[in-house]
Amino acid sequence: MRFHYLSAAAVVLLLVSGCTSAPGATPATSASSTPPAGSASPSKSASPSETTAAPTSEPGEGSGQGAGDPDDSGRFSYSCTSLNAVPDTTFSSLAEVWASSGYLRLDSCTANYQGPQPYEPTDDEARIIGIAEPGTDPAQGLESYLAALGLCTRVSDDSASQVFGGSSRQLLQAASELCPKAPQGKIIALWAVGARAGDGQYAVGDGGLAAGRFHLRKTPPEGCTWSVIGSDGAQKAGGGAVEGQSGILLAEKDVLSSDKCGIWEKME
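The rules behind the values
Residues numbered from 1 in each chain as written. Predicted model: local features only at pLDDT ≥ 70, side-chain atom pairs only at ≥ 80, totals over all residues. Heavy atoms only, no water. Core = buried A, V, L, I, M, F, W, Y, C linked by side-chain atoms within 4.5 Å. Buried < 20%, exposed > 50% of the residue type's maximum accessible area, 1.4 Å probe, protein only. Helix = DSSP H or I, 4+ residues; strand = E, 2+ residues; numbered from the N terminus. Arc of directions from axis to C-beta. Contact = heavy atoms within 4.5 Å. 1 Å grid on protein atoms, 1.4 Å probe; cavity = no way out; pocket = protein on both sides within 12 Å on 5 of 7 lines; lining within 4 Å. Points joined across faces, edges and corners; volume = space filled by probe spheres on them. Nonpolar A, V, L, I, M, F, W, Y, C, P; charged D, E, K, R; others polar.

### Topic: the nonpolar core
One finds Phe76, Tyr78, Val97, Tyr145, Leu149 and Phe164 to be the most contacted residues of the largest nonpolar core, which totals 37 residues. Those elements that place two or more of their residues in this core are strand E1 (76-82), helix H4 (94-99), strand E3 (106-113), helix H5 (123-132), helix H6 (142-151), helix H8 (169-178) and helix H9 (185-192).

Encoded structure:
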């Protein structure tokens, strides 16, 4: 009997040890709890210095850009040139451009459409296109929308006369509506209301410059010349850097012509 009791006990011990000695199985998903390289969104993969200024709004089609939130829906990319001649940098959203550690060294950027073809504007995009090109079929207004996005990125003082000054009042108004929270949002608004002008020829009133007193924002290089032609076609004023910095008065229907003078700004 004693032998049978010992045999039974041995069997029990063997069964217990067999159950407890096998290692517990680890769920297959635990090894992939960290996203694989390349799966993170651009805003998460950027360095800390590039994410502090990123907006907290959720991305999505339409993206609420009219409210000032940048587009990180993946529909657009941005190729930016730098003032120090480094290779062009590509960004996947306005948020990335704005938060870039080299933002102040960017000269200007070109927006590119990355979405499905043919282009079908979201409601937000159609509204901005309607401001930039009144009466245009929004489905045919991609170039205008891309131009507005480009103005929302970064435009250096060196390029402002050409980029901002060469843009129509409607396009500037569209950009101002599109990205009021951009780092240069207030600057875009000044150009949009006719409170700034660059080199070139500008009429006062009728969607052009606002009437009032203007002056040169910075001391221009040598060779600055400007003139003001009145509504009767006669020259009302003219001069160079010194007179331009002192200020000039522009009335309705005047025409300001400026060469190598830089940026004019309306005085308060």
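### Looking at unusual backbone geometry
A cis amide bond, omega -5°, links Gln117 with the succeeding residue Pro118. Among the secondary structure elements, Pro118 is positioned in the loop between E3 and H5.

### Description of H9
By the burial criterion, the buried members of H9 are Gly185, Ile188, Trp191 and Ala192. The buried side chains of H9 occupy one side of the element, clustering within an arc of 120° when seen end-on. Check the buried side of H9 and you find it contacts H6, helix H7 (157-163), H8 and strand E4 (196-197).

### Focus on the environment of Arg196
Position of Arg196 relative to the elements: it lies in strand E4. According to the relative accessible area criterion, Arg196 is buried, its value standing at 7%. Taking the C-alpha atoms as reference, Arg196 lies 8.3 Å from Phe214; in sequence the two are 18 residues apart. If sequence neighbours within four positions are ignored, Arg196 has contacts with Ile187, Leu190, Trp191, Leu209, Phe214, Arg217, Ile263, Trp264 and Glu265.

### Focus: empty space enclosed by the protein
It is a probe the size of a water molecule, rolled over the atoms, that shows where empty space is left. For the structure on display, the rule yields 2 cavities of 30 Å³ or more. Empty space within the largest cavity amounts to approximately 40 Å³. Along the walls of the largest cavity sit Val155, Ser156, Asp157, Ala160, Phe164, Gln184, Ile187, Trp191, Arg196 and Ile263, which together make up its complete lining. Taken together, the elements giving at least two residues each to the lining of the largest cavity come down to H7 and H9. Residue composition of the lining of the largest cavity, by class: 6 nonpolar, 2 polar and 2 charged.

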